[in-house]
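# Observations on chain architecture
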Amino acid sequence: MTTAFGSVTTRERSRKVGAVSYLEKPLDLDVLVGFLDRLFQPSRFMGRVSDIDLLDYLQLIATTRKTKTILVDNRHDVGRLVFEHGQIVHAECGDITGLEAFNEMMYWEGGVFSDVPYEPPSKHTIEENTAYLLMEAARLRDERTYEEMSMVSADAIKEVSRADAGRGGKEG
């Protein structure tokens, strides 16, 4: 996004709606050239990946110690995760930041995520180790799945019991 009327509010709003970068007029040509160089580095592969889980992708970024920004969109909210040398240092989602924002995004059941050019966050809102964050997110997801399956099983048992009671408990 390019604007002649830059402000912190405009910068934050543009990020929340998925702006790749935020540049203020008058443009500093060195900043613009640097941005375009990072965006179109010819010595790297570019492409799209589908059918990969967000947690798996975040683990890949951590393992390869990348510095980058990831936008996460679940059609209702947009979140942003910032990595520096493989460590998550900032997360934001709507009006929340830090660990609460990270956990909110990890709770989403679907959506899309994409890399955008790295921009350093105004402050680091996450201090926890990324490996710990990802393991904890996976554990919470597993527990939620188990609880949902248990509720479905309990509901099915109740339904069968009601059906049996309606027939007077007699078989076939």
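Residues numbered from 1 in each chain as written. Predicted model: local features only at pLDDT ≥ 70, side-chain atom pairs only at ≥ 80, totals over all residues. Heavy atoms only, no water.

As a further point, take the overall build of the protein. A count of helices and strands for the protein gives five helices and seven strands. Sequence-ordered secondary structure for the protein, helices as α and strands as β, is β-α-β-α-α-β-β-β-β-α-β-α. Counting all 172 residues of the protein, 27% fall into the buried class. Of the contacts made within the protein by residues no fewer than 6 positions apart, 57% connect residues no fewer than 24 positions apart. By element, 55% of the accessible surface of the protein is carried by carbon and sulfur atoms, the whole surface being about 12000 Å². (Helix = DSSP H or I, 4+ residues; strand = E, 2+ residues; numbered from the N terminus. Buried < 20%, exposed > 50% of the residue type's maximum accessible area, 1.4 Å probe, protein only. Contact = heavy atoms within 4.5 Å. Areas by Shrake-Rupley, 256 points an atom, 1.4 Å probe, with all protein chains shown as cover.)

Core analysis: the biggest nonpolar cluster contains 21 residues, and Leu58, Leu81, Phe102, Met105 and Met106 have the highest contact counts within it. Elements with a contribution of two residues or more to this core: α3 (54–63), β3 (68–73), β4 (78–84), β5 (87–93), α4 (98–107) and α5 (130–166). With five residues, α3 is the largest single contributor of residues to this core. Contacts of Leu81, omitting those with residues within four sequence positions, involve Leu58, Lys68, Thr69, Ile70, Val72, His90, Ala91, Phe102, Met105 and Met106. (Core = buried A, V, L, I, M, F, W, Y, C linked by side-chain atoms within 4.5 Å.)

Once that is clear, we can look at the sheet that holds strand β6 (residues 96–97). Taken in spatial order, the five strands line up as β6-β5-β4-β3-β7 in an open sheet, and their pairing is antiparallel. Sheet topology places β6 and β7 (112–116) at the edges, where each strand pairs with a single neighbour. Sheet analysis places β3 next to β7, joined by five bridges and oriented antiparallel. Among the inter-strand pairings, Ile70 is bridged to a residue of β7, identified as Asp115. (Pairing = 2+ DSSP bridges.)

Let's shift gears to unusual backbone geometry. Note on backbone geometry: most residues besides glycine have negative phi, and most peptide bonds are trans. One non-glycine residue with positive phi stands out, namely Arg65, at about 55 degrees. By secondary structure assignment, the location of Arg65 is in the loop between α3 and β3. With a phi angle near 75 degrees, Arg75 is a residue other than glycine that sits in the positive phi range. Examined against the element boundaries, Arg75 turns out to sit in the loop between β3 and β4. By relative accessible area, which is 79% here, Arg75 ends up exposed.

Looking at the protein, the pLDDT average stands at 82 and 77% of residues meet or exceed 70. Element-level pLDDT for the protein is lowest in helix α1 (residues 8–16), with a mean of 73, against a maximum mean of 97 in β5. (pLDDT = per-residue confidence, 0-100.)

Enumeration according to the criterion identifies five salt bridges in this entry. Put simply, Arg139 and Glu136 hold a salt bridge, and the shortest N to O gap is 2.4 Å. With Arg139 and Glu136 both in helix α5 and three residues apart, this pair spans about one turn of that helix. The class of Arg139 is partly exposed, set by a relative accessible area of 37%. A relative accessible area of 24% places Glu136 in the partly exposed class. Ionic pairing is found between Glu143 and Arg139, a salt bridge with its closest N-O pair at 2.5 Å. Highlighted residues: Glu143 and Arg139, both in helix α5, separated by four residues, approximately one helical turn. Among the ionic contacts, a cluster of salt bridges with common partners joins Glu136, Arg139 and Glu143. (Salt bridge = Lys/Arg side-chain N within 4 Å of Asp/Glu carboxyl O.)

In this section: the side chain of Asn74. Relative to the assigned elements, Asn74 resides in the loop between β3 and β4. Polar side-chain contacts of Asn74 include one of 2.9 Å to the backbone nitrogen of His76. Reaching out from Asn74, the side chain makes a polar contact with the backbone nitrogen of Asp77 at a distance of 2.7 Å. Excluding residues that lie within four positions of it along the chain, Asn74 makes contacts with Trp108, Gly110 and Gly111. (Polar contact = N/O pair within 3.5 Å; in protein donor to acceptor, adjacent residues only side chain to side chain.)

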